[in-house]
Amino acid sequence: MNTIDKQHEIMNSVKQCTNKNISIIAGHYCVADELEDLSSYGAAEKLSFELGIHTYMQLEKTNNTPTLTLWVNDIGIPKEQRKLLKENYQLPHNYQIILEKHGFDKNILNVLFESTFRNKSSVLFRKAYKKTPDKFKVYSSNDKSLARCIDNSSCKIEKNKNAYAIDGPDSKPLVMKEGPNPKCNLILGTLFRGIDISNNANIILNIFNNIYINRIRLGIFVAHKLYDLNTEFINFFCDDDEVYNEQFDFCN
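Described below are features of the structure shown in this document.

What counts, and at which threshold
Residues numbered from 1 in each chain as written. Predicted model: local features only at pLDDT ≥ 70, side-chain atom pairs only at ≥ 80, totals over all residues. Heavy atoms only, no water. Helix = DSSP H or I, 4+ residues; strand = E, 2+ residues; numbered from the N terminus. Buried < 20%, exposed > 50% of the residue type's maximum accessible area, 1.4 Å probe, protein only. Expected span 1.5 Å × (residues − 1). Contact = heavy atoms within 4.5 Å. Pairing = 2+ DSSP bridges. Right-handed = clockwise from strand over helix to strand, strands pointing away.

### Things to note about the side chain of Asn 73
Within the secondary structure layout, Asn 73 lies in strand 3 (residues 65–73). Note on Asn 73: relative accessible area 13%, which makes it buried.

### Things to note about helix 7 (residues 213–227)
Residues spaced three or four apart along an α-helix point in a common direction, a consequence of the helix completing one turn every 3.6 residues. The end-to-end C-alpha distance of helix 7 is 20 Å, a good match for the 21 Å that 15 residues give at a rise of 1.5 Å each. Across the 15 residues that make up helix 7, a large majority, 11, are buried. When helix 7 is considered as a whole, its buried residues turn out to be Ile 216, Arg 217, Leu 218, Gly 219, Ile 220, Phe 221, Val 222, Ala 223, His 224, Leu 226 and Tyr 227. Close packing links the buried residues of helix 7 with helix 5 (114–131), strand 6 (162–167), strand 7 (173–178), helix 6 (184–199), strand 9 (203–209) and strand 10 (232–239). Asp 228 sits one or two positions beyond helix 7 and adopts a positive phi of about 55°.

### Observations regarding the pairing of strand 9
Buried residues dominate strand 9, accounting for 7 of its 7 residues. Here strand 1 (residues 21–26) pairs with strand 9 via 5 bridges, running parallel. Its bridge partner being in strand 9, Ala 26 is matched across the sheet by Ile 207. As defined by bridge partners, strand 9 adjoins strand 10 across 7 bridges and the pair is classed as parallel. Note that in strand 10 the partner of Ile 207 across the bridge is Phe 236. Handedness of the strand 9-helix 7-strand 10 crossover: right-handed.

Right, dumping it as structure tokens:
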């Protein structure tokens, strides 16, 4: 399947939409050196970004209103480096080449940083917990029944901390915050909330590396359950040079 065929598959998912605000999130990549495989030069990241550009340009030709967001994972770098990155942000060179190839105005692209939404998610979580404490259950972080975005054996777990959870989609308590640290499902849910508010989004169209599929799934779940988001989600995932659609049962 070439890039045009992949683009047609994505456009087919929104072909019935009319007069909708469609917010595309594409090209997500990691900045930290130890996450080099998930940098902007990864095959899935490049494909995701280019498909986001294609989709935006095609949606411009319809009576829908698209927006395009690039979400940058800057969490794994020192605080001062994050500050400099945000103040002097430059698109990765290969992303610049993709923009130039398609004649895409970089000023259209909305760049958001994961650390910003990590901080925001902590603030919003405190407010939600204070307002509706009955939505949450508090466990010990050592509890082996808890679910997280990735397998507990691979996830960094804060020992002997309070783990704040909601009933997850898999009949297990889903941890959203552990000690002072929000988990990726809460950060993603907060991102979706922010995009929904900023763009008055009717549809959020995710195009991500497929390594993030369960994170996206649980982020959408948290957006629904914690923030009462009723926005429609359409999700595509890139596996090297392939792309496939994935919808989640709890969204139906």
